[in-house]
Amino acid sequence: IGIDLVAMCVNDLLVQGAKPIFFLDYIAVNKLKIKKVKKILDGIVKGCKLAGCSLIGGETAEMPGTYAKDKFDLAGFAVGVVEKKLLLTKNKIKKKNLVLAIPSSGLHSNGFSLVRQILKKKFRNKIPAVIKNELMKPTKIYVDEINILNNKKLINGCANITGGGLLNNIIRVVPKNLSLNINLSKIKTLKIFKWLKKNDIKDSEMIKTFNCGIGFCIIADKKNLDKIKKIFPKKYKPYEIGFISNSKERIKTSG
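Residues numbered from 1 in each chain as written. Predicted model: local features only at pLDDT ≥ 70, side-chain atom pairs only at ≥ 80, totals over all residues. Heavy atoms only, no water.

Caption draft 1: Just the side chain of N211, in detail. Its place among the elements puts N211 in the loop between α8 (203-209) and β7 (214-220). When its relative accessible area of 3% is taken as the criterion, N211 is described as buried. At 3.4 Å, the side chain of N211 forms a polar contact with the backbone oxygen of L107. Residue contacts for N211: discarding those within four places in its chain leaves S104, G106, L107, H108, I161 and F193. (Helix = DSSP H or I, 4+ residues; strand = E, 2+ residues; numbered from the N terminus. Buried < 20%, exposed > 50% of the residue type's maximum accessible area, 1.4 Å probe, protein only. Polar contact = N/O pair within 3.5 Å; in protein donor to acceptor, adjacent residues only side chain to side chain. Contact = heavy atoms within 4.5 Å.)

Rendered as structure tokens:
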């Protein structure tokens, strides 16, 4: 869970082209249990190492009566830095730019309210290990790859696919005079999302709630496609799912 906390913060920083430099955490519990808190902190430290930033402090608060037994509150805060010339702004995105999808590692800490409802209905007692492992996979941290791409000026914009799903997150970075065109049939859906879909979830709900296998998106010139792909390992190789146009519709989907 600590890695996920760091990932959610630093991946958001990347959208503006920033490199994470430090991280702070906040943990509030009913009663401090050193072993449990240490496990959380170990995950945060690992996440910071993966993101290339420093854990410089934070707060652990013991608040009996505020939190129920074995419940806790966890929050994080990250600061990044970017040179003005490398700042990713909407005015860099142009007509005919490609929209590239970067695979996710799993749920990326989103949609768990719906997941819990499904698990409660489907498994009254014990959740199968294979399902549990898929649901709990740590969020992929994209810092290394995205910072390299931005330093080489190979991307015009990007989006972290979190709450709100694919379309709502990408459209935030697209200028108002342009439109987003996405071919939904091109999405390489991970198995865990196919399993979730089988539990009477509509397509519209899936695309709004989950990343469906896409953890991050890049908007770039077509001429940079090959160079971009070379930066990523095979498991997270970007692939084309759409483009930017000047259509009257802000969002157009097909597939």
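Caption draft 2: Region of interest: helix α3 (residues 112-122). When α3 is considered as a whole, its buried residues turn out to be L114, V115, I118 and L119. Buried residues of α3, viewed axially, fall in a sector of 135°; they line one side. Among the exposed residues of α3, those oriented more than 90 degrees off its buried face are R116, K120 and K121. (Arc of directions from axis to C-beta.)

Caption draft 3: Layout of the packing of aromatic side chains. Scanning the entire structure with this criterion turns up four aromatic pairs. Note on F123 and W195: the rings are 6.2 Å apart at their centroids and 5° apart in plane angle, and the pair reads as stacked. Taken as a pair, F123 in the loop between α3 and α4 (129-135) and W195 in helix α7 (residues 191-197) lie far apart in primary sequence, 72 residues in all. Both residues of the pair, F123 and W195, belong to the buried class. Aromatic pair Y142 and F216: ring centres 5.2 Å apart, planes at 35°, arrangement tilted. With Y142 in the loop between α4 and α5 (143-151) and F216 in strand β7, the pair connects residues that are 74 residues apart, well separated along the chain. Each of the two residues, Y142 as well as F216, counts as buried. Connected via pairs of aromatic rings, a cluster forms that spans Y142, F216 and Y236. The ring of Y236 is capped by K140, whose NZ or CZ atom sits 4.7 Å from the centre of that ring. (Phe/Tyr/Trp six-rings, centres within 6.5 Å; stacked < 30°, edge-to-face > 60°. Lys NZ or Arg CZ within 6 Å of the ring centre and 35° of its normal.)

Caption draft 4: The packing of helix α1 (residues 2-14) against helix α2 (residues 34-51), seen in detail. Packing of α1 against α2 leaves a shortest axis separation of 6 Å and a crossing angle of 40°. Judged by the angle between their axes, α1 and α2 are oblique. Helix-helix and strand crossings are classified by hand; for α1 and α2 the assignment is right-handed. The residues of α2 that touch α1, namely those facing G2, I3, L5, V6 and V10, are I40, G43, I44, K46, G47, C48 and A51. (Axes fitted to C-alpha atoms, helices over the stretch in contact; angles between N-to-C directions. Parallel < 35°, antiparallel > 145°, perpendicular 65-115°, else oblique. Left-handed = near helix turned anticlockwise from the far one by under 90°.)

Caption draft 5: Representation of α2. For α2, spanning 18 residues, the distance from its first C-alpha to its last is 25 Å, which sits close to the expected 26 Å at 1.5 Å a residue. By the burial criterion, the buried members of α2 are V37, I40, G43, I44, G47, C48 and A51. Each buried residue of α2 sits inside an arc of 140° when the element is viewed along its axis, so together they form one side. Turned more than 90 degrees away from the buried face of α2, the exposed residues are I34, K35, K39 and K49. After α2 finishes, the residue G52 shows a positive phi value of roughly 70°. (Expected span 1.5 Å × (residues − 1).)

Caption draft 6: Here's a closer look at the confidence of the model for the protein chain. With 100% of its residues at a pLDDT of 70 or more, the protein chain has an overall mean of 94. Here α3 stands out as the least confident element of the protein chain, with mean pLDDT 91; strand β4 (residues 98-103) is the most confident, with 98. (pLDDT = per-residue confidence, 0-100.)

Caption draft 7: Here's a closer look at the pattern of salt bridges. For the structure on display, the rule yields seven salt bridges. Close ionic contact of D42 with K38 constitutes a salt bridge, the shortest N to O distance being 3.0 Å. Here the residue D42 and the residue K38 both occupy positions in helix α2, the gap between them amounting to four residues, near one helical turn. Here D42 falls in the partly exposed class, since its relative accessible area comes to 41%. Put simply, E83 and K85 hold a salt bridge, and the shortest N to O gap is 3.8 Å. Taking the relative accessible area as the measure of exposure, E83 reaches 48% and is therefore partly exposed. Counted as one network, the salt bridges with shared partners bring together K33, K36 and D70. (Salt bridge = Lys/Arg side-chain N within 4 Å of Asp/Glu carboxyl O.)

Caption draft 8: Just the sheet that holds strand β3 (residues 72-81), in detail. Pairing in this open sheet of three strands is mixed, and the strands run β2-β1-β3 from one edge to the other. Each of the sheet's edge strands pairs with one partner strand only, and the pair in question is β2 (54-62) and β3. Neighbour to neighbour, the strand axes of the sheet diverge by 15° on average, direction disregarded. Note: strand β1 (residues 19-29) against β2, eight bridges, orientation parallel. Directly across from V29, in β2, lies its bridge partner E62. (Pairing = 2+ DSSP bridges.)

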